[in-house]
Structures are given as C-alpha cells and as structure tokens.
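Each chain is listed here by its residues.
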There are 2 protein chains.
Amino acid sequence: MAVSFAQIRATRDDVFTENCPTRVVLDHVMSKWGVLVLLALTDGTLRWGELRRTVDGISEKMLASTLRTLESDGIVARTAYPEVPPRVEYALTPRGEQLMVRMLPLMEWIADEADDIVGR
Amino acid sequence: MAVSFAQIRATRDDVFTENCPTRVVLDHVMSKWGVLVLLALTDGTLRWGELRRTVDGISEKMLASTLRTLESDGIVARTAYPEVPPRVEYALTPRGEQLMVRMLPLMEWIADEADDIVGR
DNA sequence: CAGCATCCTGTCAGATACTG
DNA sequence: CAGTATCTGACAGGATGCTG
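Residues numbered from 1 in each chain as written. Chains lettered and ligands numbered in written order. Predicted model: local features only at pLDDT ≥ 70, side-chain atom pairs only at ≥ 80, totals over all residues. Heavy atoms only, no water.

Named according to an unreviewed UniProt entry, chain A is HxlR family transcriptional regulator originating from Microbacterium telephonicum.

Novice: Is there a simple way to think about the side chain of Arg-23 of chain B in this case?
Specialist: Position of Arg-23 of chain B among the secondary structure elements: in helix H2 (residues 21-29). Here Arg-23 of chain B occupies a buried position and makes no salt bridge, while the nearest side chain of opposite charge, Glu-18 of chain B, is found at 4.7 Å. Setting aside residues up to four positions removed in sequence, Arg-23 of chain B forms contacts with Trp-33, Leu-36, Val-55 and Asp-56 of chain A together with Val-15, Phe-16, Thr-17 and Glu-18 of chain B. (Helix = DSSP H or I, 4+ residues; strand = E, 2+ residues; numbered from the N terminus. Buried < 20%, exposed > 50% of the residue type's maximum accessible area, 1.4 Å probe, protein only. Lys, Arg positive; Asp, Glu negative; His and termini not counted. Salt bridge = Lys/Arg side-chain N within 4 Å of Asp/Glu carboxyl O. Contact = heavy atoms within 4.5 Å.)

Novice: I keep staring at the interface of chain A and chain B and nothing clicks. Help me out?
Specialist: Where interface size is given, it is often the accessible area lost as the parts come together that is meant. Listed per partner, the contact involves 59 residues of chain A and 59 residues of chain B. Carbon and sulfur atoms supply 71% of the area that chain A and chain B bury against each other, a total of about 5,700 Å² over both sides. Inspection of the chain A/chain B interface yields 4 salt bridges. In this structure, Arg-12 of chain A engages Asp-115 of chain B in a salt bridge whose closest nitrogen and oxygen atoms are separated by 2.8 Å. If you look at where chain A meets chain B, you find 16 residue pairs in polar contact (both at pLDDT 80 or more). Where the side of chain A that touches chain B is concerned, the elements lending two or more residues are helix H1 (5-11), helix H2 (21-29), helix H3 (32-41) and helix H6 (94-118) of chain A. The biggest single contributor to the side of chain A that touches chain B is H6 of chain A, with 21 residues. Here the residues of the side of chain A that touches chain B sort into 32 nonpolar, 10 polar and 17 charged. (Buried area = accessible area lost by both parts, 1.4 Å probe. Polar contact = N/O pair within 3.5 Å; in protein donor to acceptor, adjacent residues only side chain to side chain. Nonpolar A, V, L, I, M, F, W, Y, C, P; charged D, E, K, R; others polar.)

Novice: Which parts of the structure should I look at to understand helix H3 (residues 32-41) of chain B?
Specialist: An α-helical turn contains 3.6 residues, so any two residues separated by three or four positions project in the same direction. Most of H3 of chain B sits out of view: 9 of its 10 residues are buried. Here H3 of chain B has its buried residues at Trp-33, Gly-34, Val-35, Leu-36, Val-37, Leu-38, Leu-39, Ala-40 and Leu-41 of chain B.

Novice: Explanation requested: the relation of the copies chain A and chain B in the structure shown.
Specialist: Applying a rotation about an axis and a shift along it to one chain copy brings it onto the other copy. When chain A is fitted onto chain B, the two copies agree to an RMSD of 0.0 Å after a turn of 180° and an axial shift of 0.0 Å. With respect to symmetry, the two chain copies, as superposed, fit the operation of a two-fold axis. Proximity to the rotation axis, assessed at the C-alpha, singles out Met-30 of chain A in chain A; its C-alpha lies 2.8 Å from the axis. Interface overlap between copies: 100% of the residues of chain A at the interface are likewise at the interface in chain B, consistent with a symmetric, same-surface contact. (Least-squares fit on C-alpha atoms with pLDDT ≥ 70 in both.)

Novice: Whenever I open this one, the packing of H6 of chain A against H2 of chain B confuses me. Can you help?
Specialist: Angle between the axes and distance between the axes are the two parameters that describe a pair of packed helices. Closest axis-to-axis distance for the H6 of chain A/H2 of chain B pair is 8 Å, and the angle between their directions is 105°. The orientation of H6 of chain A relative to H2 of chain B falls into the category roughly perpendicular. Where H6 of chain A abuts H2 of chain B, its residues Met-107, Ile-110, Ala-111, Ala-114, Asp-115, Ile-117 and Val-118 of chain A lie against Pro-21, Thr-22, Val-24, Val-25, Leu-26 and Val-29 of chain B. Of the residues contributing to the contact of H6 of chain A with H2 of chain B, the split by class is 11 nonpolar, 1 polar and 1 charged. (Axes fitted to C-alpha atoms, helices over the stretch in contact; angles between N-to-C directions. Parallel < 35°, antiparallel > 145°, perpendicular 65-115°, else oblique.)

Novice: Just to check I follow, could you spell out the sheet that holds strand S3 (residues 87-92) of chain B for this structure?
Specialist: Whenever strands of a sheet pair, they do so through backbone hydrogen bonds, lying parallel or antiparallel. Residues and elements named next belong to chain B. Taken in spatial order, the 3 strands of this open sheet run S1-S3-S2, and their pairing is antiparallel. Where the open sheet ends on each side, the last strands, each with one partner, are strand S1 (46-47) and strand S2 (76-81). In this structure, S1 lies alongside S3, joined through 2 bridges in antiparallel fashion. Bridge pairing links Arg-47 to Glu-89 in S3. (Pairing = 2+ DSSP bridges.)

Novice: Which parts of the structure should I look at to understand the protein's contact with DNA strand D?
Specialist: Surrounding DNA strand D, one finds 16 residues, the nearest of these being Arg-47, Arg-78 and Tyr-90 of chain A together with Lys-61 and Pro-86 of chain B. When atoms of DNA strand D within 4 Å of the protein are sorted by moiety, sugar and phosphate together comprise 59%. Between a phosphate oxygen of DNA strand D and a side-chain N or O atom of Arg-78 of chain A, the distance comes to 2.3 Å. Within the side chain of Ser-59 of chain B, a nitrogen or oxygen atom sits 3.3 Å from a phosphate oxygen of DNA strand D. (Near = heavy atom within 4 Å.)

Novice: I keep staring at the UniProt feature "domain: HTH hxlR-type" (unreviewed entry) in chain A and nothing clicks. Help me out?
Specialist: Mapped onto this structure's residue numbering, the UniProt feature "domain: HTH hxlR-type" (unreviewed entry) falls at residues 20-118 of chain A. With 65% helix and 14% strand, residues 20-118 of chain A has its two end C-alpha atoms placed 32 Å apart. (UniProt positions renumbered as here; feature names shortened; annotations may be inferred.)

Novice: Any chance you could explain the protein's contact with DNA strand C here in plain terms?
Specialist: Lining the immediate surroundings of DNA strand C are 18 residues, of which Lys-61 of chain A together with Arg-47, Trp-48, Arg-78 and Tyr-90 of chain B lie closest. A share of 59% is what sugar and phosphate atoms reach among the atoms of DNA strand C within 4 Å of the protein. Within the backbone of Gly-49 of chain B, a nitrogen or oxygen atom sits 3.1 Å from a phosphate oxygen of DNA strand C. Between a phosphate oxygen of DNA strand C and a side-chain N or O atom of Tyr-90 of chain B, the distance comes to 2.6 Å. Broken down by secondary-structure element, the contributors of at least two residues to the surface near DNA strand C are helix H5 (60-72) of chain A together with helix H4 (48-54), helix H5 (60-72) and S3 of chain B. The leading source of residues in the surface near DNA strand C is H5 of chain B, at 4 residues.

Structure follows, in structure tokens:
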C-alpha cells in the first residue's frame, strides 16, 4: 500500500478526535450530496439549474446549502452575472480540482464495484 | 486530470440516478462513521473494544451498525473466537484493501489541507 | 468482552410557497 | 432563473439497561 494510515497519523495525530478540522472537512466533502455535486462539477462549470437537473433527487434547499458549504471551504467558486434573467455559475477552484484528482479514482472504483457489492 | 468524470459516466450512466447501486455504496463507504472505521482498520486487525476507543465519539450502536453494513458489503471481515471472555476481530477484506488504497491519498490530502480549509 | 433491545430526542432533509 | 422562508416528518444517532 502506497501510503499507510500510520503515516497520516504521524503528521497529524488528531484525525480520530472529535471536532478536529479533519472531521469537519470530511463531513463536508464526503457528505451524500457533497460528493455528487463535486462530481458533477468535475468536467466543467455548471449553472444552478444544470446542477439541479444533473444531481438527480437533490432538493433546492440541499443544493443551496451544499454549495454554500463548499464555497466557504474554498472548494467551489460561485460567479454571479448581473443580468436579467440572473445567471450564476459554479466551478471547482484549484483546491477543488486537487481534491477531485484524488477522489476520482475512488469514485471510479466504487462505480465499477457497486453492482458486485450490493449484489445484483 | 488522470481520469475524468465523463469517463466514469461512459461505463456507467446511472451514477446520478437515485437508488442506483453506486449511491448505496457511496452512502456506506463515505458515511461519517464508515470512513473512520475503515481508516482505523487500514493498518491492521482490531478488536471491537479497540475500534470503539480508536474512533473517538462513536457510540456502540453506530459502531455495530457501521460494522454490520461494511461486513455485508464484503469490505470488512468479522472473526469471532469461541473463547471466554469472547474475542471478536475486525479486518479489511481484499476488497476493503482495494478500496483503502484509493481512499488513503484522499484522506492524506484532507488531513493536510483541513486546517487551511476550516481556517485556523 | 462484545454486543443487542429499547426508548428518546435533535437535526436534517423534503415539500411547498414565495421573491428579486 | 436562482434562489429564500417556513413547516413538518423521518430517521440518524445518543443514553441506558441487559445478556451470552
């Protein structure tokens, strides 16, 4: 295995402690809707309505709160154009891209194995 | 970027659809306690009590249900020894190790960036 | 020691309606 | 179009007590 957990723990010993920053980021980024929104943005900028349609089943409320969280974490960038009708675009920031580079192999594996795991 | 989301989507077009296997596995594996338990098991077998102490803040109920889910997904293996007092050990299965190989780089990045993201 | 059964509660998330 | 506001129910999750 390329990197062991002990290695992570060596540089940061509070990964398992409640209320440590790692857990907070973990909850934002690995949340049910968080991953799906990030995944949707991986291939490029999307508008609010496109996101809503792409992430099947997400409510407006959850989309809004997910986007706000990811934006305040500096993972997603929001750009509003002063037009009528309004146009707002969402994209990954450089930090968000760094994140997705690491998350995509994981997603790819899950997508491949899912049928076997759930058992169909 | 090594792998794009479009690439995943090409082999599996239902990633964004509700109630598809991918979403189920995603919910199990990326759940709040799921990741932490998996992380704890990455460096080797642990007993129930060790897991409980390692994953700070987890309740017995959540530990039990998390382990049952991961076991039924074939990601974690449970071994009970017929002794008094009872001894039960949990370890990653080969499938679980495959998963963690892909999750560790992500965890490492999150652990590194967490302080910056949360802003301390 | 390693759990399960039960009860209880707070939060999250869905539905609906409204607005700049 | 891109949201916000409010209400409500469901369920995640905690506390407690018990058992093989």
